[in-house]
Amino acid sequence: MARVALSLAFLTLLGGSLHQRVLYAQPPLPEASRLVHPPGIALVLSGGGANGFAHIGVLEILDSAKVPIDLIAGTSIGAVIGGLYAVGYSPHDLDAFAISTNWPEILGLEDEAHRTERILSQKDADRALLSLRFTGFFNPVLPQAISSGQRLTMLLNSMVLRAPSGVPEDFLRDLRVPFVAVTTDIVRGERRLITRGDLTEALRASATLPLRFSPLPQDSTILMDGGLLANIPVDVVRSLGAVQVVVSNATAPLRPRDQLTTPWDVADQVISLMMRGQYAAELAQANITITPEPTGHGDYDPVSIAEAIESGRAAARTMLPSLQRLTAYNPPPVVSDPDTILSSLRKLRVVSHANVFYNPSFGQSWIGQTLNSGTLKTLEHATVQEYRKRGFSLARVDSVVVHPMAQCVDLFVDDGTIASIVIRGSTGTESSLALSELPFSAGDVLHAAEADRALKNLIGTGLFDYAILQIAYDSLWPGTRLQIRADERSSTVDTEIARTSNSPTYGPTVLVTVHARASDVLRLGVLADNEFGAQFSVELANENIAGTGIEYSLIGGLGPRSRNASLTIEAPRLFRNFALLEGSVYTGYTDLTSYSLQTITGDNRLSSNVTDDVRELRDVGIRLKAGGQVERLGSITGEVRSERQRWFSLRELEPQISTLLLNAVRGELVIDSRNDAAYPHEGTFLRAYAETGQPVAGGSPAYTK
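Residues numbered from 1 in each chain as written. Predicted model: local features only at pLDDT ≥ 70, side-chain atom pairs only at ≥ 80, totals over all residues. Heavy atoms only, no water.

A. Molecular detail of the side chain of Asp-225. Examined against the element boundaries, Asp-225 turns out to sit in strand S8 (residues 221-225). Here Asp-225 occupies a buried position and makes no salt bridge, while the nearest side chain of opposite charge, Arg-204, is found at 9.0 Å. At 3.1 Å, the side chain of Asp-225 and the side chain of Ser-76 are in polar contact. The residues touching Asp-225, leaving out its near neighbours within four places in the chain, are Thr-75, Ser-76, Thr-184, Ala-205, Ser-206, Ala-207, Thr-208, Leu-209 and Pro-210. (Helix = DSSP H or I, 4+ residues; strand = E, 2+ residues; numbered from the N terminus. Buried < 20%, exposed > 50% of the residue type's maximum accessible area, 1.4 Å probe, protein only. Lys, Arg positive; Asp, Glu negative; His and termini not counted. Salt bridge = Lys/Arg side-chain N within 4 Å of Asp/Glu carboxyl O. Polar contact = N/O pair within 3.5 Å; in protein donor to acceptor, adjacent residues only side chain to side chain. Contact = heavy atoms within 4.5 Å.)

B. Seen up close, the nonpolar core. Residues Phe-53 and Phe-179 are the most contacted members of the largest nonpolar core, which totals 59 residues. When residues of this core are assigned to their parent elements, the largest contribution, 7 residues, is made by helix H3 (residues 77-86). Ranked by size, the runner-up nonpolar core spans 28 residues in total, among them Val-167, Ile-418, Leu-463 and Val-510. (Core = buried A, V, L, I, M, F, W, Y, C linked by side-chain atoms within 4.5 Å.)

C. Inspection of the sheet that holds strand S16 (residues 420-424) at higher detail. One open sheet accounts for 3 strands, arranged S16-S19-S17; its pairing is mixed. The two strands at the open ends of the sheet, each matched to only one other strand, are S16 and strand S17 (464-472). Along the sheet, successive strands turn relative to each other by an average axial angle of 20°, direction set aside. Note that S16 and strand S19 (residues 509-516) share 5 bridges and pair parallel. Note on S19: the bridge partner recorded for Ser-420 is Thr-509. (Pairing = 2+ DSSP bridges. Axes fitted to C-alpha atoms, helices over the stretch in contact; angles between N-to-C directions.)

D. Quick peek at the packing of aromatic side chains. As enumerated under the stated definition, the model contains 5 aromatic pairs in all. Between Phe-171 and Phe-179, the ring centres sit 6.4 Å apart and the planes meet at 40°, which makes this aromatic pair tilted. For the pair formed by Phe-171 and Phe-179, the shared burial category is buried. Taken together, a centroid distance of 5.8 Å and an interplanar angle of 75° make the contact between Tyr-387 and Phe-392 edge-to-face. Each member of the pair Tyr-387 and Phe-392 is classed as buried. Among the aromatic residues, those joined into a ring-pair cluster are Phe-53, Phe-97, Trp-103 and Tyr-300. (Phe/Tyr/Trp six-rings, centres within 6.5 Å; stacked < 30°, edge-to-face > 60°.)

E. Spatial organisation of the pairing of S17. With 7 of 9 residues buried, S17 lies mostly within the body of the structure. Pairing of S17 with S19 involves 8 bridges; the strand directions are antiparallel. Paired with Phe-464 across the bridge in S19 is Ala-516.

F. View of the sheet that holds strand S18 (residues 481-484). Read across the sheet, 4 strands follow the order S12-S15-S14-S18 without closing on themselves; strand pairing throughout is mixed. With one partner strand each, in any of the chains shown, strand S12 (347-352) and S18 form the two edges of the open sheet. Neighbouring strand axes in the sheet, compared pairwise and without regard to direction, differ in orientation by 15° on average. Here strand S14 (residues 396-403) pairs with S18 via 4 bridges, running parallel. What sits directly across from Ser-399, in S18, is Arg-481.

G. Representation of the confidence of the model for the protein in the model. Residue-level pLDDT values for the protein average 83, and 88% of them are 70 or greater. Note that residues 498-503 has pLDDT below 50 and, in this model, 16 contacts with residues that lie over four places away or in other chains. (pLDDT = per-residue confidence, 0-100.)

H. Representation of unusual backbone geometry in the model. Residues other than glycine seldom take positive phi values, yet Ser-76 does so here, at roughly 60°. Checked against the element boundaries, Ser-76 lands in the loop between strand S2 (71-75) and H3. Residue classification places Ser-76 among the buried positions, given a relative accessible area of 12%. One non-glycine residue, Ala-546, adopts positive backbone phi at about 55°. With respect to the helices and strands, the residue Ala-546 is situated in the loop between strand S21 (533-542) and strand S22 (551-559). Judged by relative accessible area, which is 72%, Ala-546 ranks as exposed.

What follows is the structure in structure tokens.
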């Protein structure tokens with residue numbers, strides 16, 4: 001029912017507003033005032049699913065032909081490709097990214113963290129036949145889509161944090177090419193343009209296919225795929241002042257009957273049908289339209305993606321004469337000749353707080369060059385790229401000191417030291433729990449690999465179904481400071497690196513936005529075998545009591561030869577996730593069959609005969625366990641157990657009942673790095689334990705095993 005309601009909402013949104021949308025040129029948008037100069041040539045990248053990888057081939061040909069792109073607007077896959085290109089990735093980088101990524105896994109329906117990324121107690125937490133989460137008094141939580149899209153979010157987050165041009169705040173000013181992501185606000189039923197903020201969120205929102213991925217809440221809006229209202233947003237770049245518009249139109253053809261197999265396939269088909277009339281009106285406003293030939297597959301395997309990219313190259317090559325004429329009519333903006341800062345650079349020194357980088361070959365490539373304001377900016381950009389190649393996601397040039405007498409330049413680089421960390425969003429969980437999962441702290445230098453691990457850790461707890469890491473720079477940072485020390489002696493420069501005056505530092509804030517899962521859960525399970533028949537179980541649990549990370553679980557089991565019930569309270573994340581503590585009370589019985597084996601010599605085989613059925617009862621038992629986690633691999637625990645046992649024969653009319661009060665101590669090491677519990681393809685499983693028991697009553701001897 002939830003899926004049907006969402007489908008109707010999308011159809012109502014489209015049907016009620018489609019014919020009112022952007023069929024004619026719009027008045028200038030206020031965002032146009034933030035552009036450094038009016039865009040001469042703008043590139044529009046359409047949506048189109050897997051066919052949209054053709055945009056990479058189009059960008060490659062435009063780059064090789066030196067077509068100056070002053071603005072990019074993208075929708076859905078077009079926003080992803082265009083945004084990553086704008087933030088500094090080359091077409092070659094994007095080609096490698098598209099082909100090497102495991103897209104079936106990224107776009108799959110599984111939202112749970114990989115088994116290897118969870119702590120031991122969470123590795124197989126949701127193996128029930130049916131699992132239902134709820135809030136309050138059995139108020140079910142129904143998903144807004146098949147998948148939350150967390151894996152796609154993590155992939156985009158990783159790419160943005162590793163971007164050569166740095167993590168932007170203003171997409172129209174901070175990127176190599178100004179960029180606009182087109183999304184749809186399904187609350188107001190209107191198109192929304194994202195030109196500043198978090199680039200990961202912008203790309204994720206624009207690529208949120210209805211029913212497949214959960215929409216992205218942002219303030220009072222809910223954002224989804226921009227293709228719902230503007231799959232080819234030519235009017236957007238026109239409204240931002242673009243003189244000439246080039247469109248890469250990779251819109252997918254209608255799916256054949258045999259490919260309409262899932263709810264999101266049907267939703268995508270319906271949207272395509274309702275938007276087709278708008279395509280012609282949008283394309284009519286473009287100067288040049290490049291239309292890659294659909295490969296006919298629409299799949300996300302490496303071969304199909306490579307074919308789509310080649311299709312983009314081929315389509316762009318056929319339009320090269322028109323593109324070259326367009327470039328001739330729109331020369332790059334003329335910039336006045338800047339003042340010369342150094343006639344010939346003799347020495348280049350790069351200094352950071354951690355002194356992590358100085359590449360002599362990098363410095364040598366600049367020796368002898370004339371520096372002016374333009375080439376100095378290029379030098380700053382190249383320096384930041386060198387840091388980012390080494391994983392310093394937040395590195396930026398803090399200040400530049402020029403020594404004209406010595407013909408030397410000092411670049412002082414801020415490595416990206418974290419000023420503060422803020423946990424925000426609909427947490428429902430104490431911030432300390434989320435903070436304890438982060439492999440970095442305030443005062444550390446943020447590396448992209450640590451940011452990736454932070455998101456995996458957060459999802460691996462089982463407490464959150466969505467997490468994203470964002471960067472907020474101090475608004476007081478004045479930008480890169482330039483000092484020219486014309487009166488300084490050359491000998492002084494050669495003996496020491498002159499730092500800038502005691503100016504304040506403006507470190508970035510890491511914003512970790514999370515959305516807590518509903519903590520109340522009801523699970524139903526069934527297990528059937530030849531020995532015990534069909535056994536049914538029900539579990540009622542709260543996996544995050546009052547946001548503390550403490551869990552309780554009430555489990556009952558029923559079968560023809562067994563009954564059991566247990567209450568467990570567990571704190572698996574104590575002292576920054578190292579320690580765990582668990583207590584449980586349990587009761588139940590199991591009927592065990594006793595066999596005798598007989599050798600049949602003539603047939604050379606064994607025969608078994610049932611000799612007795614014994615009921616083994618645990619009237620009541622108490623277990624206390626304490627220990628520590630071994631990262632995500634396993635645990636080392638010690639356990640104390642006390643239980644009252646009884647057993648008797650079910651075949652005797654007046655059975656003799658044996659009773660035993662047992663106290664036991666157990667130590668255990670478990671290592672489990674398997675990727676799947678039932679059918680692992682990789683990983684290791686090791687369980688080692690030692691247990692000793694001392695009967696208090698019942699006459700049985702002590703044991704050790």
